Amino acid sequence: MNEIIDFQLNGQPVHLNVSPDRRLIWVLRTERALTGAKFGCGIGLCGACTVLVDGQAVRSCVMTVKEVQGKAVTTIEGLAQGEKLHPLQQAFVEHDALQCGFCTPGMILNAYGLLRANPNPTAAQVITSLEDNLCRCGAHPRIVQAVLSAAENMKGGAL
Amino acid sequence: LNPHVPAPKEESALTLNRRDWLKLVGGGIIVFIYPAELAQAQDRLPSSYLRVGPDGLVTLFTPKIEMGQGIITSLAQMAAEELDLPLSSMRAIMGDTAQGVTDPDGGTWGSLTTRGAFGSGLRTAAARARAVLVTLASQELSVPRDRLVTKDGYVIDSANEQTRVSYATLAGGKNIEAHLDFTPRPKAFAQFTVSGKPALRVDAIEKVTGRAMYTADIRLPGMVYARILRPPAHGAKLTSVDTAAAEQLPGVTVKQVGTFWAVWAEDPELANRALALLKPVWDLPAAGPDEETIFAYLMGRYPSAQTVGQRGSLTTGEQASSAKFEQTYYTPYVAHAPIEPHAAVVTIENGKVRVWASTQRPFAVRDSVASALSVSSANVQVITPFVGGGFGGKSSFSQAVEAARIARAAGKPVSLAWTREEEFFYDAFQPPSVTKIRSGLDGKGKITFWDYQVYCVGDRGAALFYEIPNSRVRPWRGPGNPANTFARESHIDAMAAHAAIDPLEFRLAHLRNTRMRKVLEKAAALFGWQPARLPSGRGYGMACGEDAGTYVAMIAAVEVDHQTGEIKVKRIVCAQDMGQVINPQGARLQMEGCMMMGLGYSLTEEMHFKNGRLLDLNFHRYQIPRFSWMPQLETALVENNTLSPQGGGEPAIITVGAALANALFDAVGVRANRLPMTPERVLALMQIAPTLAVQPPVRVGDQVRVSWNGGPGIKLQKCAHMPPTGWQDVAGTEGQTSITLPLSDQSAYFRVIKP
């Protein structure tokens, strides 16, 4: 049975008539054409599907669309202000903190969730926070540098 | 490659089929790129071409694909360098089979893109394109050609810099056919301003904003998402399937498509539900090997191997030996495990097939899809979006053929994206390997002979670069440099330990190859290597190797947890000679990536299986490296600008296993002859030989002396098998601290136990 699900998506209201148990990742990808959240494992183990719900990084492959009813969802497509990259995105570019790029949206959004909760993390805290986001290309050292650099550039400012 | 095949003439390159090309490409100045070995071939398709467009942008059409290795940046650098263009003016169309190019390497693999004929062809063609622009500008500006210079997309009169014309103007509004009466040469390395300089990835902005498209992101009108009924085990046969429940789901189609059953729906989750409702009956395969019995199983099937390298006489070498070493090394099935699973999207319209595929081999995909659908390859176009990691695993591409078959059966565009479980199940794993090495040392610590036999993974990396008077190398099949390097460098270290010679000194004493010497010395300098006898207790291990024309040396520092057996890698230093370096930044990225990825095959990665079933089908069981594993990584590029660019994507991964195994030995005095070095295995080895309790056996005449930290009730046990099973007490050792044994026990394991 379909239900009406209302939520904010990248700052815009969304009104969907969908089955409430559909996974958020597939609703985003098929109903809204937002393909930045990637399917990597399907059971919340790799983090490639990470999005923000009310500013918290969540695994969209294990979250139902009903769970975001009334909430604010941000995907990687909604992070930049027009052509102006978010400081995290900018830092990933400047540090070459990616290779194939498939895990990158999840890495950036997970880091966003971290910086929102802890604007001045230590390297150890960044590592702990990103531990369950998998990268096969081995961009790890640069990702940590990028997140620390973004935190520095944002000077603890609000996200 | 045959270096004697002449390069194609300018005229032929520029005039060949030009109407077709120009129609295809849409105008501008086009320069074709032919790899040398195709110059005299019947098939005159170029491997790539450059188009100088009326917008001043230069587009590279190439059969190569971007999977993270960064050639989208380095190829652009190579072309921009010769064209005197800023990197930002370069574009690339990659891995599209309908762009009139062909791939001389058959795929993007083997670290071939830059080092092969392709890379040098690209530079030559870009130099040619510049010469064409200068020739055209000479006519346009009425300035002699030799007075013209190029800079930032302009041809400029060096006598009057106000007299200039942009590439855009020269290319604008016309299809240009140009003839050169000379062959321009690519620039020398010393002239480089774009190549050879670190450049950030040109695809980064797309990738950080989510705009970068991967295959599963392609969406077409009317497209359905498909799933395929998979067997529970390799070798299982479907005897029947009850589809009734699945077919009752509205919007779902269930159909047998050739050899498999597929379901599809417009909603991917609906297709998942339908798949789960299928009730198959499988005829399971008979008992087969598992990850423990696989080695004997494979060796039984490959009883002999041919000799590919031989020098001197093994008998002579053996006679000159005062100590002999015999060891067998093992590596398991290792998965590629890219974060992006295989995916394909296929649409068929009016007999024309269009395929988007996550692949390293778009041209092979084209031909296989054509064959599967019984259409001509000319009617199949394969487009390769960004690939989310390949590592060789996306050289196999059955997902594209499956998607094509389903698209034909469905009569609709189809998206087929494998699940993680399918990705593991159908991975073309790095095969397990067994490497047997016999060797000897003389009384001065020089290697007297080297008898090397590798099963199952082939000779890539097996060739001997050490100076050994008597040697034989016998390989078998497939790519296997990490396995070969693990075996060779572990064995070298074991001999250095026996000879009580510092492992760096021991290696250098057997190396005349200056490239290898330089990378070893560079790595040692960067690491701050201090000579010591093995095992020193410091936890330092080194290894060196050659892959894809690149020389690499690596030194690792580890700590070993004596309670858990866990190896914590603290630091890895890597020095690499890869000839000319097009993008030093990108090269370092690849080295770091190799070191991080290499931690996996060294420490945890191993596919467990039994009777055709794979047991590690997602990331909770198959552990790939994570952030917390990250050592301090340091990279050094050893300058070698007289050598053309060599491979960059793979070399630095080959040495990780041996460097860590040697570091383990240096830390606690136990040698792991089998990868991965899981905590359980390390702990087992350490219990066999508690920290440095048993010293490395020392040769005494025709015997070996084994000594240990003995005491009341403590006795020595030995074991001849790998992995150690079937321990036997060594008679007469209780309460002793040393014993002398026949030489044949040299390669055995020893442990002390306190009953």
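Each residue is numbered by its place in its chain's sequence as written, counting from 1. Chains and ligands are labelled sequentially in the order written, the chains with letters from A and the ligands with numbers from 1. Thresholds applied to this predicted model are a pLDDT of at least 70 for local features of residues and 80 or more for the giving and counting of side-chain atom pairs; totals over whole chains, interfaces and linings are not thresholded and use all residues. As a convention, hydrogens and water are excluded, and side-chain values are obtained from all of the structure's heavy atoms.

## Concerning the overall build of chain A
Each helix and strand in chain A was counted, giving 5 helices and 5 strands. Taken from the N to the C terminus, the helices and strands of chain A come in the order β-β-α-β-β-β-α-α-α-α. Against the compact-globule benchmark of 15 Å for 159 residues, chain A has a radius of gyration of 15 Å, which places it among compact chains. For chain A, the C-alpha atoms occupy an extent of roughly 45 × 30 × 25 Å along the three principal directions. Working definition: with a 1.4 Å probe on protein chains only, accessible area under 20% of the residue-type maximum means buried, over 50% means exposed, and in between means partly exposed. Relative to its full complement of 159 residues, chain A shows a buried share of 60%. Any two residues whose heavy atoms approach within 4.5 Å at even a single point are treated as in contact. Residue pairs at least 24 apart in sequence account for 56% of intrachain contacts in chain A once pairs closer than 6 positions are excluded. Using a 1.4 Å probe, accessible areas were evaluated by the Shrake-Rupley method; residue-level cover was limited to the displayed protein chains. For chain A, the accessible area works out to roughly 6000 Å², and carbon and sulfur atoms hold 49% of it. Charge centroids of chain A, computed over 13 positive and 13 negative side chains, lie 2 Å from each other. The way it works is that DSSP assigns letters per residue, a run of H or I at least four long becomes a helix, a run of E at least two long becomes a strand, and they are numbered from the N terminus. With C-alpha atoms as the basis for the radius of gyration, the globule rule is written as 2.2 Å multiplied by the number of residues raised to the power 0.38. Neither His nor the chain termini are counted; the positive set is Lys and Arg, and the negative set is Asp and Glu. For this purpose, a charge sits on NZ of Lys, CZ of Arg, CG of Asp or CD of Glu.

## Focus: the packing of helix H3 (residues 104-117) of chain A against helix H5 (residues 140-154) of chain A
All names here are of chain A. Axis geometry follows a simple rule: fit a line to the C-alpha atoms, using only the stretch in contact for helices, then measure angles between N-to-C directions, giving values from 0 to 180 degrees. At a closest axis distance of 11 Å, the pairing of H3 and H5 adopts a crossing angle of 45°. The orientation of H3 relative to H5 falls into the category oblique. Taken as a pair, H3 and H5 cross one another with a handedness that is right-handed. For the pair H3 and H5, the contacting residues are Met107, Ala111, Leu114 and Leu115 in the first and Ile143, Val147, Ala151 and Met154 in the second. Gly is put with the polar residues, along with every residue not named as nonpolar or charged; the nonpolar set is Ala, Val, Leu, Ile, Met, Phe, Trp, Tyr, Cys and Pro, and the charged set is Asp, Glu, Lys and Arg. Residues belonging to the contact of H3 with H5 are distributed by class as follows: 8 nonpolar, no polar and no charged. Convention used here: angles under 35 degrees read as roughly parallel, angles over 145 as roughly antiparallel, angles from 65 to 115 as roughly perpendicular, and any remaining angle as oblique. What makes a crossing left-handed is the near helix being turned counterclockwise from the far one by less than a right angle; a clockwise turn instead makes it right-handed.

## So, the sheet that holds strand S1 (residues 3-9) of chain A
Residues and elements named next belong to chain A. Strands sit in the order S2-S1-S5-S3-S4 across an open sheet of 5 strands; the sheet is mixed. Where the open sheet ends on each side, the last strands, each with one partner, are strand S2 (12-18) and strand S4 (56-59). Averaged over all adjacent pairs, the angle separating strand axes in this sheet is 40°, with direction ignored. Note: S1 against S2, 7 bridges, orientation antiparallel. Residue pairing for S2: Gln8 is matched across the bridge by Pro13. Running at roughly 35° to strand S3 (residues 50-53), H3 makes contact with S3, S4 and strand S5 (72-74) of the sheet. We treat two strands as partners when DSSP finds at least two bridges between them.

## Some words on the confidence of the model for chain B
Residue and element names in this part refer to chain B. Per-chain confidence: chain B averages 88 in pLDDT, with 88% of residues scoring 70 or above. What pLDDT expresses is the predictor's confidence in each residue, scored from 0 to 100. For the stretch residues 1-18, pLDDT sits under 50, and the model shows 34 contacts to residues farther than four places along the chain or on other chains. Scored as a complex, the prediction yields pTM 0.89 and ipTM 0.98.

## Section: the packing of helix H2 (residues 87-94) of chain A against H3 of chain A
Residue and element names in this part refer to chain A. Look at H2 against H3: their axes get within 10 Å of each other, and the N-to-C directions meet at 130°. By the angle between their axes, H2 is oblique relative to H3. The element H2 and its partner H3 pack so that their crossing is right-handed. Across the interface between the two elements, Leu88, Gln89 and Phe92 from H2 touch Thr104, Met107, Ile108, Ala111, Tyr112 and Leu115 from H3. A breakdown of the residues in the contact of H2 with H3 according to their chemical character gives 7 nonpolar, 2 polar and no charged.

## Here's the deal with the side chain of Ser433 of chain B
All names here are of chain B. In this structure, Ser433 sits in strand S20 (residues 433-441). Assessed through its relative accessible area of 1%, Ser433 is described here as buried. Looking at Ser433, its side chain comes within polar contact range of the side chain of Thr331, at 2.5 Å. The residues contacting Ser433, other than those within four sequence positions of it, are Phe295, Tyr329, Tyr330, Thr331, Tyr455, Cys456, Val457 and Ala483. Pairs of N or O atoms are called polar contacts if they sit within 3.5 Å, as long as, within protein, a hydrogen donor faces a hydrogen acceptor (for residues adjacent in sequence, only side-chain-to-side-chain pairs).

## A few points about the interface of chain B and chain A
When the parts of a complex come together, some accessible area is lost, and that lost area is often taken as the interface size. Listed per partner, the contact involves 58 residues of chain B and 50 residues of chain A. Note: buried area is the sum, over both parts, of the accessible area (probe 1.4 Å) each one loses when the two are combined. For the pair chain B and chain A, the two sides together bury roughly 4400 Å², of which 60% comes from carbon and sulfur. Broken down residue by residue, the surface that chain B buries against chain A is led by Val208, Ile339 and Phe627 of chain B, which jointly contribute 19%. Just to be clear on terms, a salt bridge is a Lys or Arg side-chain nitrogen sitting within 4 Å of an Asp or Glu carboxyl oxygen. Summed over the shared surface of chain B and chain A, the number is 7 salt bridges. For Arg626 of chain B, the salt bridge identified is with Asp132 of chain A, shortest N-O distance 2.9 Å.

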